[in-house]
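# Coordinates in review
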Amino acid sequence: MQHEITQKGALLGADGNLREPGWARSLLLDYRRADVKANKLRIKEWDYYIVTNDSFGIALTIADNSYMGLISASVLDFEKPWEQTVSVMTAFPMGKFKLPETSATGDTLYGDKRVQMAFRVLEGERRLSCRFERFLGEDALELELSLAQPPMDSMVIATPFSAPRAFYYNQKINCMRASGEAVLGKRRFVFSPEMSFGTLDWGRGVWTYDNTWYWGNGNGVVNGKPFGFNIGYGFGDTSAASENLLIYDGVAHKLSKVQFNIPEDSFLKPWTFSSDDGRFEMDFVPILDRAARTNALIIESDQHQVFGRFSGKAVLDDGTALELHDFLGFAEKVRNRY
């Protein structure tokens, strides 16, 4: 079953549960933090951007996880390969970051003595800026990036968890052409819009304590047109709809279930992906594992975000098969107890 949400309305009912589980092409349902009826310590809100081309990438996060805030930046080099991730954590933000209740307007901002980060939404464009002191030794990371966002479909999912009043509301915006540059010490990473793209992962919800999820995403050009995909599972009860979707020339094409086949002994060995409807069949050759592990009393996180190249076929709603060859993207397995 793939229930599509097509009407505007409130995300949550008076009891704090999702009114309409399913997927949508845009952010039709209105999230309001004040409508949440669950324990306020369980609210998770984040904006995450990943910007890549064939050679390198930048990832930025501002997250308010109620009892823990996370501000993070990553620089990714797919040619060496190499990565550097630096994070700042804060205690009990509890909504003080004032993350926007919609992805369509508003600014997401954070600043302290070490890091200044801003995600700004303008008409048809998103602007990302960051200065992160002592990012690599004494070198600061500085960047200004622009993501073009013309009218186009996205992936939106409203998913309940098994616990009452627990839910996940998420939007992935693919295929935003990127321009600008990042500077780290003597290195400059220049993004040109012909082959550089960004994805926004916008999440709001009430999460249960222990979850393992799988997520994959990629952007590029296929047959001269922008193409992106979003795949994943583990985000609660997806019986109403999966979050598996293709975006081709701005139009969404909905997929059913996609299975991640990960080697048991190494995340850097080749993976495969297979869908129950035969519409997403891929080989995946890893380049770089951005691995991170945290174990601090009640908070535990084991993350493997693996960047690499996809080859195979993706089938549109009308039956057109797109062939992908060494298409850059990532796939991850994450377990969080937080």
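Residues numbered from 1 in each chain as written. Predicted model: local features only at pLDDT ≥ 70, side-chain atom pairs only at ≥ 80, totals over all residues. Heavy atoms only, no water.

### Comments concerning the environment of E4
Looking at where E4 falls in the secondary structure, it is placed in the segment before β1 (9-10). Residues E4 and W215, spaced 211 residues apart in sequence, show a C-alpha to C-alpha distance of 21 Å. If near-sequence neighbours (up to four positions away) are discounted, E4 is found in contact with W23 and R25. At 2.8 Å, the side chain of E4 and the side chain of R25 are in polar contact. (Helix = DSSP H or I, 4+ residues; strand = E, 2+ residues; numbered from the N terminus. Contact = heavy atoms within 4.5 Å. Polar contact = N/O pair within 3.5 Å; in protein donor to acceptor, adjacent residues only side chain to side chain.)

### Some details on empty space enclosed by the protein
According to the stated counting rule, one finds 2 cavities of 30 Å³ or more in the structure shown. The calculated volume of the largest cavity comes to roughly 80 Å³. I50, T52, F197, T199, N217, G218, N219, F307, L328, G329 and F330 are the residues that line the largest cavity. Mapped onto the lining of the largest cavity, the elements with two or more residues apiece are β4 (43-52), β15 (197-206), β16 (210-222) and β24 (321-337). Class assignment for the residues of the lining of the largest cavity results in 5 nonpolar, 6 polar and no charged. In this structure, the second largest cavity spans a volume of roughly 60 Å³. What lines the second largest cavity is a set of 14 residues, among which D47, S103, T108, V121 and R126 lie closest to the centre. Breaking the lining of the second largest cavity down by element, the ones donating at least two residues are β4, β8 (107-111), β9 (115-122) and β15. (1 Å grid on protein atoms, 1.4 Å probe; cavity = no way out; pocket = protein on both sides within 12 Å on 5 of 7 lines; lining within 4 Å. Points joined across faces, edges and corners; volume = space filled by probe spheres on them. Nonpolar A, V, L, I, M, F, W, Y, C, P; charged D, E, K, R; others polar.)

Limitation: the analysis is restricted to geometry and does not speak to function.
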